[in-house]
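# Analysis of the macromolecular model
Listed below, chain by chain, are the residues.
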Amino acid sequence: SEQSLAWRGVSLGGWLLLEPGPSWQLFQRFSEPTNGVDSQELSSKPLRCEWDLMLRLRKHPDGLNALAHHRQTFITRDDFVRIRAAGLNAVRIPFGYWIVMGSTRAGQRSRTAKSSGRTAKTSKLRWPSGRRAERDPYEGPALQHLDNAVAWAEELGLQVLLDLHGAPGGESGEAPCGRRQRPGWSWRQWRFEESLRALRIVARRYRSSAAVTGIAVCNEPSHEVPTRVLCRFYDRAVRAIRKAGLRASTTTVVLPVFQRDLAPFVSAWEAVSKRAHQNVCFEVHWYHCFENAWNGRTFAQHLRAVQEHAEELRQFPVVVGEWSLALGCGSCPTRVSKDEMMTLFANAQLAAYREASHGWFFWSWSDHPGSAEWDWQQAIQKGLVPSRQSLRGELPSLPALPPLLNFGPDTASPPRATVAGRRSRGAARSPPRDAAAAAKARIDPLEAVFDEPASDTRVRIGDTVYLRAFHGRYVDVEGDQVRARYGDRGQWQQFLLCPYLASSADSEARALRDGDVVTLLAHTGKFLGMTGKQVTADWSAATPSCAFLVRTAGTPCEVRHRSVIFLQSQLTTKVLAPNEGNPADREAMMGNWRSFGEWQELLVEKPKCTAVHPPRPRRRSSLAKAVASPAMSPAMSPAMSPAASPCVPTLQLPSSWSERAKKAPEATPLKKRRNSFDGEDLDRPAPVATPNRKRKSVDGLGATAGALLEAAAASPALVNLAVTPGRKRQASI
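Residues numbered from 1 in each chain as written. Predicted model: local features only at pLDDT ≥ 70, side-chain atom pairs only at ≥ 80, totals over all residues. Heavy atoms only, no water.

On a plain count of helices and strands, the chain comes out with 19 helices and 20 strands. For the chain, buried positions account for 56% of its 733 residues. Restricting to contacts in the chain with at least 6 residues of sequence separation, those with at least 24 account for 76%. For the chain, the exposed area adds up to about 31100 Å²; of that, 51% sits on carbon and sulfur atoms. (Helix = DSSP H or I, 4+ residues; strand = E, 2+ residues; numbered from the N terminus. Buried < 20%, exposed > 50% of the residue type's maximum accessible area, 1.4 Å probe, protein only. Contact = heavy atoms within 4.5 Å. Areas by Shrake-Rupley, 256 points an atom, 1.4 Å probe, with all protein chains shown as cover.)

Next comes the structure, spelled out in C-alpha cells:
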C-alpha cells in the first residue's frame, strides 16, 4: 500500500507558517506601511518573516481577515487531488506552534487544547504592561486547517508528515522558524517544554489517523544548539510522542540534522538514546544554492555532490526533507540551456534520493511565479521534473565518479601535508601544500561535458583569463573599481596576463608557474594594482603596485585551466580576496590577508579562442611601456628590488604578441553588464539555447543534455552508477 512506501512528496510551504517565497501575495500586499497607523520603526522595517508580517497585520484594519482568507484558500482539497495526480504519495505540512496552542510568551505556561483534542478558543492578543514579556504576535490556534488536510489525505490515499516548523522561542534565529532574530538570538530562547506540549497535542489528536505516517519534532535547529542538548530534546520528544499514542508500528518520528555532519550526530544520538527507540529517522535538507561553499561550485561539481549524497543515504535511515532545483551562482548555462540544466539536476537528485530509506519531499508545492526551481507545479509545466507513473520508474543515473586526471610529469612528487591549518595566520609567507588542494588541480572529465575549455589548457603569459573567487563570483572591473559581483562571465570579467619584467621580447611565452610575477590588464586598458589595502584598476602602466606573485597550493608547477591559485601583492605581501568579512562592502577586492585560506582561493579559467579579449597594446612601443621594468623609487625597500628578490623571475614576452595585438579589435567598456556566454564569436549570431517545451526523450532530459551525458557515459573513464530502487522504510535505526 501507499502507506508502506517511502515518502515521495512535496512540502506545503507558506500555508500554516508564512514565508516570503510561497506566501508572496500576502507579503506583497502588506509590504507598504499603513498611513497613520504604523510607527516609524515598524514602517521602515522590511517584512522578512511571519513575525514581521503579523506586527503589521495587527495594525491593519483588514489584516487578520486577510490572514484567515489565506489559510482558507492557499491550500484546498483540489491541491491534494493534483498532488495525487502528479504521481506523489505524500505531503509534508509545516506549521507553527501557534497553529496548535495559540500565541504564547516567554516564561508563561501556554494555553493548550484540551486532552480530548478539541480546538482551543481563538486567542486574543493583548499587550501587557510592566515587566511581563509580550505575547508572540502570531494568530492561533487554527487546528481546523490541519484537520482538513489530514481528512483530505485519508480520502485520497496520501501520507502526511506533520512538521513542527516553528517552535516556541525559535529553534534558530532564522526566518523559516517564524521569526528572524539575527543578530542576538541564543539557543536558550528555544522553549523546549512548550515544544513538547505542542508535539503531545498533535500526536494525541491524530493518533488514530492512518494517513499520518510521520511527525517531525522541529525544523532546521541551529548549529549553535549543543549536540548533547539537542539529542536530549529529541529523546524526550520521541518518548512524549509515543506516550501520546503515535505508535512506532505506524508512525516515524523525524529528527532533523541541520548544518551538522550526519555520522557524528548519529553516534551522539545513539549514546544519548541508548538505541531505545524504534522507527525514527534523520532529516537532511540539501540545497545547492545557499552559502559560499555551494555558490562556488560548477554544475559538474553539483552533480558530483549529488552522487556523494547518494552514498551517504545508504548508511543511515534518512528522509531528504527539503530540496529544490535552485543552483548556486557558479553554475551558469554554457553548453546547455538553464532549463536543460535544471532537468538534469532534477533527475540526478531523484535518482540519488531513491536511496533514502524514508524518501523525500520537494520544497515547495507552490511559490512565486517564475520560480520553477522552487515550485513543483511550475516545474511540471515546464517539463523539468517527471510526473505520474514516470516518477515511479527507473530514472537515469549519472556516470560514476571517475579517476581524476593528473596534469602529467609535474605531479610526480606528491604534495606535502601541512601541519598548520589552511586558515592559519602564522608568519609563513608561502601557501601550505595539502592533498585537498592537489585534488582541485586535477581534471574532472565531467567538466568538459558542460563547459568546453580552450584547446590549450595551459595558462600562458599573454592569455585572457577569468578569475573566479571562492564564492562563485568572477572578479570584474567597472571604472576603477575591482569587485567580485556576478556568477556569469563577460567582457568585464576578462583580464590579460602580462609579464611584470620582460628581458626578451622575442622568446616564446611559456606556461604560468608557481612563483611567477604578473600584472593584470583589464578591459578598460588599465592595470590592477594596490591602493592601500584595496585593489583598483587605475594604472596606465605597470608599477610595483601592479605586480602580483602567483602562488599555488598542492597544484602542479604549471597553471592550467581551472587551477586554484593565490595572488599575493609584490608590494604589500598581502593576499587578494573579496572583502567577505565586511557586509557593507563584501564585493570589493582587497589585499588585506596574510593567510592562504579558502577565502583567498582564485580559480583561473580560460575562455574559448573566440572570446572577446581586453584591448592589447597596438604597437610595440606601447607594449614596452606596459611591461617595462619600472624605475626604482627611492621609497622602495631594497627587498623589493628585482635583484634582491629571488621570487621575482624574468618572464619572457611572446614573439607572436605583436602579430596578435595588431589583429585584436579594440574592446570598449560595456554600458551595462553583459550576460552572454563568453565562448561565442562576435562576428556571427550566437546560437540560442531554447528550453524544451516538453521532454523529448524517454529519460526525461532535453535532447542536448541527453546527448552530452551519453557521450560522457561512453567514455572509458566513466562507469555508470547503478541506482537501486527505493527501499522500504526501515523499522529502526
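Moving on, we get to the packing of aromatic side chains. This model, assessed by the stated rule, comprises 26 aromatic pairs. With 6.3 Å between their ring centres and 90° between their planes, Phe265 and Phe282 make a pair best called edge-to-face. Note that Phe265 is positioned in helix α10 (residues 262–273) and Phe282 in strand β6 (residues 280–288), a separation of 17 residues in sequence. Ring geometry for Phe470 versus Trp599: centroids 5.9 Å apart, planes at 15°, classification stacked. Placement of the pair is Phe470 in the loop between β9 (464–469) and β10 (474–478) and Trp599 in the loop between β19 (589–593) and β20 (602–605), with a sequence separation of 129 residues. (Phe/Tyr/Trp six-rings, centres within 6.5 Å; stacked < 30°, edge-to-face > 60°.)

Across all of its chains, the model carries 33 salt bridges by this definition. Close ionic contact of Asp62 with Arg29 constitutes a salt bridge, the shortest N to O distance being 2.8 Å. Taken together, the positions of Asp62 in the loop between α3 (50–57) and α4 (63–73) and Arg29 in helix α1 (residues 24–29) put the pair 33 residues apart, joining distant regions of the chain. A residue is classified by how much of its surface remains accessible, and Asp62, at 28% relative accessible area, is partly exposed. Linking Glu224 and Arg182 is a salt bridge whose minimum nitrogen-to-oxygen distance equals 3.0 Å. Taken together, the residues span a long stretch of sequence, with Glu224 in the loop between β4 (212–216) and α9 (227–244) and Arg182 in the loop between β3 (159–166) and α8 (192–205) at a distance of 42 residues. Judged by its relative accessible area of 34%, Glu224 is partly exposed. Relative accessible area serves as the criterion here: at 25%, Arg182 is assigned to the partly exposed category. Salt bridges here are not isolated pairs; linked through shared partners, they connect Glu447, Arg468, Arg489, Arg562 and Glu605. (Salt bridge = Lys/Arg side-chain N within 4 Å of Asp/Glu carboxyl O.)

The subject of this paragraph is unusual backbone geometry. For the peptide bond that leads from Gly140 to Pro141, omega is 0°, which places it in the cis range. Topologically, Pro141 is positioned in the loop between α6 (97–101) and α7 (143–156). Even without being a glycine, Thr573 presents a positive backbone phi close to 65°. Tracing the sequence through the fold places Thr573 in the loop between β17 (563–569) and β18 (575–578). Using a relative accessible area of 32% as the deciding quantity, one classes Thr573 as partly exposed.

Moving on: the packing of α9 against α10. For the pair α9 and α10, the least separation of the axes is 9 Å and the interaxial angle reads 55°. As summarised for this structure, α9 and α10 are arranged oblique, according to the angle between their axes. Note that α9 runs across α10; the crossing there is right-handed. Together, Thr227, Arg228, Leu230, Cys231, Arg232, Tyr234, Asp235 and Val238 of α9 and Phe265, Ala268, Trp269, Val272 and Ser273 of α10 make up the contact between the two elements. Here the contact of α9 with α10 is built from residues that sort into 8 nonpolar, 2 polar and 3 charged. (Axes fitted to C-alpha atoms, helices over the stretch in contact; angles between N-to-C directions. Parallel < 35°, antiparallel > 145°, perpendicular 65-115°, else oblique. Left-handed = near helix turned anticlockwise from the far one by under 90°. Nonpolar A, V, L, I, M, F, W, Y, C, P; charged D, E, K, R; others polar.)

Moving on, we come to the nonpolar core. Counting 118 residues, the largest nonpolar core has Phe80, Ile93, Leu162, Val217, Trp360 and Trp376 as the members making the most contacts within it. With 9 residues, helix α13 (residues 338–353) is the single largest residue contributor to this core. When sequence neighbours within four positions are dropped, the list of residues in contact with Ile93 reads Leu12, Trp15, Leu16, Leu146, Ala149, Val160, Leu161, Leu162 and Asp163. (Core = buried A, V, L, I, M, F, W, Y, C linked by side-chain atoms within 4.5 Å.)

The N-to-C vectors of helix α5 (residues 77–85) and α7 enclose an angle of 40°; their axes lie 10 Å apart at closest approach. In this view, α5 runs oblique relative to α7, as classed from their interaxial angle. Along this stretch, α5 crosses α7, giving a crossing that reads as right-handed. Contacts from Arg77, Phe80, Val81 and Arg84 of α5 reach α7 at Ala149, Trp152, Ala153, Glu155 and Leu156.

Every second residue of β18 is oriented toward a common face, with Val575 and Ala577 on one face and Leu576 and Pro578 on the other, all of them buried. By the bridge criterion, 4 bridges tie β18 to β19 in an arrangement that is antiparallel. Paired with Val575 across the bridge in β19 is Trp593. (Pairing = 2+ DSSP bridges.)

To continue, consider α13. For α13, built from 16 residues, the straight-helix expectation of 22 Å at 1.5 Å per residue is met to within 8% by its first-to-last C-alpha distance of 22 Å. Of all 16 residues that make up α13, 15 are buried, and the element is covered over most of its length. (Expected span 1.5 Å × (residues − 1).)

Let us look at the side chain of His309. The residue His309 is located in helix α12 (residues 299–313) in this model. If near-sequence neighbours (up to four positions away) are discounted, His309 is found in contact with Trp286, His288, Trp294 and Tyr353.

What follows deals with the confidence of the model for the chain. Across the chain, the average pLDDT comes to 78, with 69% of residues at or above 70. Long-range and interchain partners of residues 109–130, a stretch whose pLDDT sits below 50, account for 45 contacts in this model, where long-range means more than four residues apart. The model gives residues 503–508 a pLDDT under 50, and that stretch makes 19 contacts with residues more than four places away or in other chains. (pLDDT = per-residue confidence, 0-100.)

Time to look at the pairing of strand β14 (residues 527–531). Look at any regular strand and the pattern is simple: side chains alternate between the two faces of the sheet. Counting buried positions over the 5 residues of β14 gives 4, a clear majority of the element. As paired strands, β14 and strand β15 (residues 534–539) are joined by 5 bridges and run antiparallel to one another. Bridged to Gly529 within β15 is Thr536.

This next bit is on the environment of Gly21. By the element assignment, Gly21 lies in the loop between β1 (7–11) and α1. Residues contacting Gly21, with those up to four places away along its chain left out, are Asp367 and His368.

Attention now goes to the environment of Cys557. Topologically, Cys557 is positioned in the loop between β16 (548–552) and β17. Along the primary structure Cys557 and Ala511 are separated by 46 residues, whereas in three dimensions their C-alpha atoms are 9.3 Å apart.

Attention shifts here to the state of the cysteines. In this structure the tally under the stated criterion is 0 disulfides. Cysteine Cys329 shares no disulfide, and the gap to the nearest cysteine sulfur, in Cys332, comes to 7.2 Å. (Disulfide = S-S within 2.5 Å.)

By the burial criterion, the buried members of α4 are Gly63, Ala66, Leu67, His70 and Arg71. Along α4, the residues classed as buried sweep out an arc of 135° about the axis, all on the same side. Within α4, the exposed residues directed more than 90 degrees away from the buried face are Asn65, His69 and Gln72. Contact partners of the buried residues in α4: α1, α3, α6 and α7. (Arc of directions from axis to C-beta.)

Along the chain, the position of Glu50 falls in helix α3. In this structure Glu50 is buried but unpaired, with Arg71 as the nearest side chain of opposite charge at 4.2 Å. A distance of 2.7 Å separates a polar side-chain atom of Glu50 from the backbone nitrogen of Leu18. Within the structure, the side chain of Glu50 is placed 3.2 Å from the side chain of Trp98, a separation counted as a polar contact. Non-local contacts of Glu50, meaning those with residues more than four positions away in its chain, are made with Leu17, Leu18, Phe27, Arg71, Trp98, Tyr138 and Gly178. (Lys, Arg positive; Asp, Glu negative; His and termini not counted. Polar contact = N/O pair within 3.5 Å; in protein donor to acceptor, adjacent residues only side chain to side chain.)

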